[in-house]
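Chain residues, written in single-letter form:
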Amino acid sequence: MSEENSIELLDFYADWCGPCQMMKPVVAEFEKAHPEMRVTPINIDDEEELAEKYGVSTIPCFVFLKDGNEVLREAGVVPLKKLEKMWGKING
Amino acid sequence: MKEYDVIIVGAGIAGLTAAIYVARANKTVLVLESKIHGGQIINTFKIDNWPGDYGVSGANLMQKIYAQAVDLGAKVEYEDAVGITKKDDKFTVVTDDNEYIAGAVILAMGTEPRKLSEKQTKDAGKRAISYCATCDGALYKGKPVVVVGSGNTAKHEIAYLKNIASEVYHIHHDDPIPEPAVAVFVAIGRVPNTGFLKDFVKMDSKGYVVAGEDCHTSVKGVFVAGDCRTKSVRQLVTASADGAVSAIEAVQYLG
């Protein structure tokens, strides 16, 4: 899924999930601030296998990959500030 | 240190309604929220008892109310309130990132699901633990799950999961987790998010902030709105009503 030296954010969501809808503008703002990062939205209804592969047990769920390997994850609603802190940790 | 006329802790329906009223009274207002605005109702897919917007989703409704509050001048910061003190007639609210000063404070932190007991958490081991079947049920299609709890919420969670999971076990608080279950859905009530207040205001034995319909707490200048207040009916519309009352009272207090 990822290329070398890249950071990717897997955004596990569902259309019927209210907290996931609330996170959409937050993720969009985060993505805008970091154009070098790839954001991959994953609808768990269409991608059951991927959700299982990454052990997603609650949504929304945000999984950061660095060079294709998971480095951080957060489940549930999070403010932009927290995503930025996670970004800082990954790139720090 | 930034100073506001009113600081509201919590950006659910109570907090954001209060923010609308304070802003419209031409007072400066800061809303502090630890996660994301919207509160508990964002988990509800369809609301049939909010007058005027029949069938609206919780997320959609709260985005509209948030936009309204911000448009009217409310400032929202996503920081976790961790302490509050009073000196003379000013309040200092400490967050994980900053300190803010205000002439009045409105507490609107709402409630959160009561966590699984230590014993059952240990028993659950590596199984997933969820506090919302409608949010997470779809992740367990055709798999056995267990619901913990004995109230109405537990009954609703069981009915919902029966259409998804291969088997839905039902246990009570502190029963052992059935071996085959791959996920544990917890529905054992809710607790108020009032921990950071410590002994700052009077609370009941369950941690709800004591106040009547006027939303006045035991501390002059501190008001409480919504589900974290002692009350008998906790609905979206009553939380919103508390927001209005607390804001009007706070503005009157400030003079």
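Source: prediction; values computed, not measured.

Undergrad: Account for the state of the cysteines, naming residues and giving values.
TA: Applying the stated criterion across every chain yields a total of two disulfides over all chains. Paired by a disulfide, A:Cys17 and A:Cys20 hold their sulfur atoms 2.3 Å apart. Sign of the S-S torsion, about 80° for the bond between A:Cys17 and A:Cys20, identifies this disulfide as right-handed. Note that B:Cys132 is cross-linked by a disulfide to B:Cys135, the S-S spacing being 2.1 Å. Looking down the S-S bond of the B:Cys132 and B:Cys135 bridge, the torsion is 70°, so its handedness is right-handed. The exposure classification of B:Cys132 matches that of B:Cys135, with both residues buried.

Undergrad: Give me the packing of helix H1 (residues 13–24) of chain B against helix H6 (residues 236–254) of chain B: which residues, what numbers.
TA: Residues and elements named next belong to chain B. Between H1 and H6, the least distance of the axes is 7 Å, while the angle of their chain directions is 40°. Considering how the two elements wind past one another, H1 and H6 form a crossing that is right-handed. Between H1, through Ile13, Ala14, Thr17, Ala18, Tyr21 and Val22, and H6, the contact on the second element is made entirely by Leu236, Ala239, Ser240, Gly243, Ala244, Ser246, Ala247, Ile248 and Val251. For the contact of H1 with H6, a count of residues per class yields eleven nonpolar, four polar and no charged.

Undergrad: Kindly report on the sheet that holds strand E11 (residues 183–186) of chain B, identifying the contributing residues and their values.
TA: All names here are of chain B. Taking strand neighbours across the sheet as the criterion, the four strands line up as E8-E11-E9-E10 in an open arrangement whose pairing is parallel. Bordering the open sheet on either side are strand E8 (128–130) and strand E10 (167–171), each of which pairs with just one other strand. Each adjacent strand pair in this sheet contributes to an overall mean axis angle of 25°, direction not counted. Taken together, the five bridges between strand E9 (residues 144–148) and E10 define a ladder with parallel strand orientation. Its bridge partner lying in E10, valine 145 is registered against valine 168. The strands that helix H5 (residues 152–162) touches are E9, E10 and E11; relative to E9, the one it contacts most, it runs at about 170°.

Undergrad: Explain the domain arrangement of chain B to me, and be specific about the residues and the numbers.
TA: Partitioning chain B into domains gives domain 1 (2–113 + 190–254) and domain 2 (118–186). Each of domain 1 of chain B and domain 2 of chain B has a C-alpha centre, and these two points are 32 Å apart.

Undergrad: Could you give an account of the side chain of B:Lys231, naming the residues involved and the relevant values?
TA: All names here are of chain B. Positionally, lysine 231 belongs in the loop between strand E13 (222–224) and H6. Residue lysine 231 is classed as buried on the basis of its relative accessible area, which comes to 16%. Looking at lysine 231, its side chain comes within polar contact range of the side chain of aspartate 242, at 3.1 Å. Not counting residues within four places of it along the chain, the set of residues in contact with lysine 231 comprises Gly226, Thr238, Ala239 and Asp242.

Rules used in this analysis
Residues numbered from 1 in each chain as written. Chains lettered and ligands numbered in written order. Predicted model: local features only at pLDDT ≥ 70, side-chain atom pairs only at ≥ 80, totals over all residues. Heavy atoms only, no water. Disulfide = S-S within 2.5 Å. Buried < 20%, exposed > 50% of the residue type's maximum accessible area, 1.4 Å probe, protein only. Axes fitted to C-alpha atoms, helices over the stretch in contact; angles between N-to-C directions. Helix = DSSP H or I, 4+ residues; strand = E, 2+ residues; numbered from the N terminus. Left-handed = near helix turned anticlockwise from the far one by under 90°. Contact = heavy atoms within 4.5 Å. Nonpolar A, V, L, I, M, F, W, Y, C, P; charged D, E, K, R; others polar. Pairing = 2+ DSSP bridges. Domains from an automatic or database assignment. Polar contact = N/O pair within 3.5 Å; in protein donor to acceptor, adjacent residues only side chain to side chain.

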